[in-house]
Amino acid sequence: MSPEAPLPPLLERQPTQITARERRAGQPVAVSLTGVTKTFGPKTVLQSVDLTIRRGEFVVLLGPSGTGKTTLLRLLTGLEEPDSGEILVPAARTTVYQEPRLVPSKRALANVTIGQRGGKSTKDRGRAALAEVNLADKAEAWPATLSGGEAQRVALARALVREPELLLLDEPFAALDALTRLQMQDLVGDLVARHQPAVLLVTHDVDEAVRLADRVIILSHGAFGVDEDIDLPRPRDRSDPESLRYRAEFLRELGVGRIHPDTES
């Protein structure tokens, strides 16, 4: 494996004072779910769910395993159909998964442009997308020579080159080490701010949700138990009292009790 290509230092990123609510104001609706119900046999996974996501809005979906997060994602990708209700999503949408899902027999640039119309302009757009994720020098690299973080950045570049109006993220940082995960979170946040797709991120990580989200939704028993704005300036400090307040609230909603300091590792 090659050493991890550097990302811009976190300390170079300057805070902005635009809140989630201000950033969303006036943006067109990209995703609309109305009364969506999905069942599997006798089990109702989603029950009359309503959801709106605007362009440029970063929504994070939390919830215990088995509560329907993946089902909701699959409904938005078109891999599942609802039993009832209406789903309106843009045609230009793409998904980044926990695994990079690169084709081993294709170099990084070819993985980025896979499925796109060939030609110089497509390759130029692919190289530009790789440059945006700080991998301009890896265009001719084989997937087997990339680190886990680099491979996931190639997957992000592949999503970017499609210019999606809706970006779906299915736990894309879960397999990364702690430092790379933080760097990838910041990279994704910056890319979303630049390109302004609507975003739905599915994760189990409450800290990740507070770090990235404009809104956090908690799915429980087939419905949204929490749908709350995160109106904090960026970049966010996880030790900030307001960040800690959101974290404690979401953990409480997820049924996670307070850990006594003496028992923390």
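Conventions adopted
- Residues numbered from 1 in each chain as written.
- Predicted model: local features only at pLDDT ≥ 70, side-chain atom pairs only at ≥ 80, totals over all residues.
- Heavy atoms only, no water.
- Helix = DSSP H or I, 4+ residues; strand = E, 2+ residues; numbered from the N terminus.
- Expected span 1.5 Å × (residues − 1).
- Buried < 20%, exposed > 50% of the residue type's maximum accessible area, 1.4 Å probe, protein only.
- Contact = heavy atoms within 4.5 Å.
- Polar contact = N/O pair within 3.5 Å; in protein donor to acceptor, adjacent residues only side chain to side chain.
- Pairing = 2+ DSSP bridges.
- Axes fitted to C-alpha atoms, helices over the stretch in contact; angles between N-to-C directions.

- The name recorded for the protein in an unreviewed UniProt entry is Aliphatic sulfonate ABC transporter ATP-binding protein, from Gordonia soli NBRC 108243.

## Considerations on helix α6 (residues 178-195)
Here is step 1: Look at α6: 26 Å from first C-alpha to last across 18 residues, which is about the 26 Å you get at 1.5 Å a residue.
Here is step 2: Among all positions in α6, only T180, M184, Q185, D186, L187, V188, L191 and V192 are buried.
Here is step 3: Packed against the buried residues of α6 are β3 (58-62), α4 (120-132), α5 (148-160), β6 (166-170), β7 (198-202) and α7 (206-212).
Here is step 4: The residue sitting at the N-terminus of α6 and contributing the capping side-chain oxygen is D177; that oxygen lies 3.2 Å from the backbone nitrogen of L179.
Here is step 5: Just beyond α6, the residue with positive phi is Q196, at close to 60°.

## So, the sheet that holds strand β9 (residues 223-229)
Here is step 1: Strand order across the open sheet formed by six strands is β5-β6-β7-β3-β8-β9, with mixed pairing between neighbours. The open sheet is flanked by β5 (93-96) and β9, the only strands paired with a single partner. Direction aside, the axes of adjacent strands within the sheet are offset by 20° on average.
Here is step 2: Where β6 and β7 come together, five bridges link them in parallel fashion. In the strand pairing of β7, L166 is matched with A198.

## Regarding the environment of R211
Here is step 1: When you line up the elements, R211 lands in helix α7.
Here is step 2: Using a relative accessible area of 18% as the deciding quantity, one classes R211 as buried.
Here is step 3: Each C-alpha atom, one on R211 and one on D237, is 7.8 Å from the other, the two residues being 26 residues apart in sequence.
Here is step 4: Within polar-contact distance, the side chain of R211 engages the side chain of Q185 at 3.1 Å.

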